[in-house]
Amino acid sequence: MSSKFSDFQIIRDHIKTLKFYSTENYDKSSLLINFGVPLILAFIFLYFHSFLQSLIITVLITVLSIFIALLLNLLFLIYSILSRLRGDNELKTQQSKNESTRENEMKAKLLKETYYNVQFSVLICVYALIAIILYVFLPKELYLDLFLDFIVYYLFFVFIATLLMILKRTHTLFSREF
């Protein structure tokens, strides 16, 4: 696959954000919350509410489309903050640089990880929209419908978990500013 269309780097960068800062080992609880819990919830939803209904499809398409636009705006906001942070570091004197270097490095790392999480969220929204469109237009066969239902539910819950992580990270970033 062409590197222009490969999503593996976005997925890899997102998964790298699920490590402990101090040890660089993966945080198993973060992995479980981001990928295991959505898996369980998708199976539960599939069991109790097996097929997507037209109202749910409409709502999901609307919600995911709006979130794609909002998250793309957030990507540009994070990029501009990161650029400004790097520009401020270059303008500071050597003495003031040493004092604030540690804090700015942490901010830059958190911004970079948040950036990766937002990219992953946009990707998940796009994948979910593709799965919904396939669900609507492909022939209605039991196993194909169940598989696409599961994929939509799973991607939606992964999106929610990642969105909560983004919210926490932006809260941490901006609470330091005020």
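Above this text you will find the structure in question.
Quick notes on the rules
Residues numbered from 1 in each chain as written. Predicted model: local features only at pLDDT ≥ 70, side-chain atom pairs only at ≥ 80, totals over all residues. Heavy atoms only, no water. Helix = DSSP H or I, 4+ residues; strand = E, 2+ residues; numbered from the N terminus. Contact = heavy atoms within 4.5 Å. Patch = residues over 30% accessible without salt bridge, like charges linked within 9 Å, V, L, I, M, F, W, Y side chains within 5 Å. Areas by Shrake-Rupley, 256 points an atom, 1.4 Å probe, with all protein chains shown as cover. Salt bridge = Lys/Arg side-chain N within 4 Å of Asp/Glu carboxyl O. Axes fitted to C-alpha atoms, helices over the stretch in contact; angles between N-to-C directions. Parallel < 35°, antiparallel > 145°, perpendicular 65-115°, else oblique. Left-handed = near helix turned anticlockwise from the far one by under 90°. Nonpolar A, V, L, I, M, F, W, Y, C, P; charged D, E, K, R; others polar. Phe/Tyr/Trp six-rings, centres within 6.5 Å; stacked < 30°, edge-to-face > 60°. Buried < 20%, exposed > 50% of the residue type's maximum accessible area, 1.4 Å probe, protein only. Lys NZ or Arg CZ within 6 Å of the ring centre and 35° of its normal.

**Q** Please give an account of the side chain of Glu113 that cites residues and values.
**A** Looking at the secondary structure, you find Glu113 in helix H4 (residues 94–137). Among residues more than four places away in sequence, those in contact with Glu113 are Thr17, Tyr21 and Arg169.

**Q** If you had to explain a nonpolar patch on the surface to someone new, which residues and values would you point to?
**A** Where nonpolar side chains cluster on the molecular surface, the patch consists of Leu32, Ile33, Val37, Ile40, Leu41, Ile44, Phe45, Tyr47 and Phe48 and spans about 910 Å² of accessible area. Following the sequence through the fold, Val37 ends up in helix H2 (residues 28–48).

**Q** Tell me about the packing of H2 against helix H5 (residues 142–175), residues and numbers included.
**A** When two helices pack together, their arrangement is given by the angle between the helix axes and the distance between those axes. Between H2 and H5, the least distance of the axes is 8 Å, while the angle of their chain directions is 140°. Taken together, H2 and H5 sit at an angle that is classed as oblique. In the packing of H2 onto H5, the handedness of the crossing is right-handed. For the pair H2 and H5, the contacting residues are Ile33, Asn34, Phe35, Pro38, Leu39, Leu41, Ala42, Phe43, Phe45 and Leu46 in the first and Leu146, Asp149, Phe150, Tyr153, Tyr154, Phe157, Val158, Ala161, Thr162 and Met165 in the second. Looking at the contact of H2 with H5, its residues break down into 17 nonpolar, two polar and one charged.

**Q** Help me get a handle on the environment of Ser54, residues and values and all.
**A** Here Ser54 is to be found in helix H3 (residues 54–91). It is 8.9 Å that separates the C-alpha atoms of Ser54 and Val136, two residues lying 82 residues apart in sequence.

**Q** Go over the packing of aromatic side chains with me, naming the residues and quoting the values.
**A** Tallying each qualifying case throughout the model produces eight aromatic pairs. With centroids separated by 6.4 Å and ring planes inclined at 80°, the aromatic side chains of Phe35 and Phe120 adopt a geometry described as edge-to-face. With Phe35 in helix H2 and Phe120 in helix H4, this pair connects stretches of sequence that are 85 residues apart. For Phe35, a relative accessible area of 23% gives the class partly exposed. Taken together, the ring pairs connect Phe45, Tyr153, Phe156 and Phe157 into an aromatic cluster. It is Lys19 that lies over the ring of Tyr26; its NZ or CZ is 5.0 Å from the centre.

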